[in-house]
Amino acid sequence: MKIGITGATGHLGRLVVGKLKEKTASNNLVALARDTQKAGDLGVEARLFDYNKPDTLVESLKGINHLLLISGNEIGQRQAQHENVIKAAKEAGVEWIVYTSLLHADKSSLVLANEHLLTEEILKSSGVPFTILRNGWYTENYTASVPTALQNGALFGSAGEGKIASAARADYAEAAAVVLTSADQQNKVYELAGDYAYTLAELAEEISNQTGKVIPYKNLSESDYAKALIEAGLPEGLATAIASFDKGAANGDLYDDEKQLSTMIGRPTTSLTTAVEAALAG
């Protein structure tokens, strides 16, 4: 039984490989990556795999029984990329595809949702058995701002009082590993989110408590936040996207209280306190 992991050298992919190695033999795993040299430290077989090169994908997927399709990071290109992988997987005889989608992709207002939803539809119509992991926000998306908040003396955003039920990447990676090594998971859709929902004001409070510095949260309009990010040196497209994600948080797009993730992994998800500690430790 071979399990392939796309995007295996990325932040999530590396964690998934590590979690899978705790559950199955390393020779059962195949790291699929655009640069196989970056997979050298994973301790598993590595194969060249580029979502943008469909002619090469079938060969790389031969012999793989189960495939984790980690969504690409090129917004606007992902539907076509994912379709390339799904078509190749079917041709190569892959028996099951697990896909990392977006929390409540079918009703989310996030700009990311449409490509995920279209991918889900392609997957469902492919004829290949599937499981969809609708991952919520990674806590690291926000704790990455901790050093900047300390430098600026404030945490800026445009999420208002929106509740963010995020979890650590390691939590989502463990969930993927559990699903891939468990029976009776096919043709299911999971909404995965953290146990501990917080506002950005509460994140600022946690930073303040841990550092002994007063770090307030300053809520801006979506447009003003985007402008501030551009002034800080971010490309306009990225700044606009980040500000829109905060707007989505204000709309409830990053919130879920079903606790499917902690149920799946058999433990509480990583707390905000622990996540901030990790960010401060570097």
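That block above? That's the structure.
Residues numbered from 1 in each chain as written. Predicted model: local features only at pLDDT ≥ 70, side-chain atom pairs only at ≥ 80, totals over all residues. Heavy atoms only, no water.

Engineer: An account of the overall build of the protein is needed here, citing residue identities and associated values.
Structural biologist: Looking only at helices and strands, the protein has 12 helices and 9 strands in total. Here the C-alpha radius of gyration of the protein, 19 Å, is about what a compact globule of 282 residues would show, namely 19 Å. A total of 282 residues make up the protein; the buried ones form 51% of that total. Side-chain charges of the protein comprise 25 positive and 35 negative groups, with the mean position of each set lying 4 Å from the other. (Helix = DSSP H or I, 4+ residues; strand = E, 2+ residues; numbered from the N terminus. Rg over C-alpha atoms; globule rule 2.2 N^0.38 Å. Buried < 20%, exposed > 50% of the residue type's maximum accessible area, 1.4 Å probe, protein only. Lys, Arg positive; Asp, Glu negative; His and termini not counted. Charge placed at Lys NZ, Arg CZ, Asp CG, Glu CD.)

Engineer: Help me get a handle on helix 12 (residues 272–281), residues and values and all.
Structural biologist: All of the buried residues in helix 12 are Leu272, Ala275 and Val276. Along the axis of helix 12, the buried residues cluster in a sector spanning 95°; they form a single face. Buried positions along helix 12 lie against helix 5 (140–143) and helix 8 (200–211). Directly after helix 12, the chain includes Gly282, whose backbone phi takes a positive value near 80°. (Arc of directions from axis to C-beta. Contact = heavy atoms within 4.5 Å.)

Engineer: Residue-level account of the pattern of salt bridges, with values.
Structural biologist: Enumeration over the complete set of coordinates arrives at 14 salt bridges. Among the ionic pairs, Lys2 bridges to Glu45, the shortest N-O distance being 3.6 Å. Of this pair, Lys2 sits in the segment before strand 1 (3–6) while Glu45 sits in strand 3 (residues 45–48); the two residues are 43 residues apart in sequence, bridging distant segments of the chain. Assessed through its relative accessible area of 23%, Lys2 is described here as partly exposed. Note that Glu174 and Lys19 form a salt bridge whose closest N and O atoms lie 3.8 Å from each other. Within this pair, whereas Glu174 is found in helix 7 (residues 169–180), its partner Lys19 is found in helix 1 (residues 11–21), the two being separated by 155 residues in sequence. Taken as a pair, Glu174 and Lys19 share a single burial class, namely buried. Through salt bridges with shared partners, a single ionic network connects Lys19, Asp171, Glu174 and Arg267. (Salt bridge = Lys/Arg side-chain N within 4 Å of Asp/Glu carboxyl O.)

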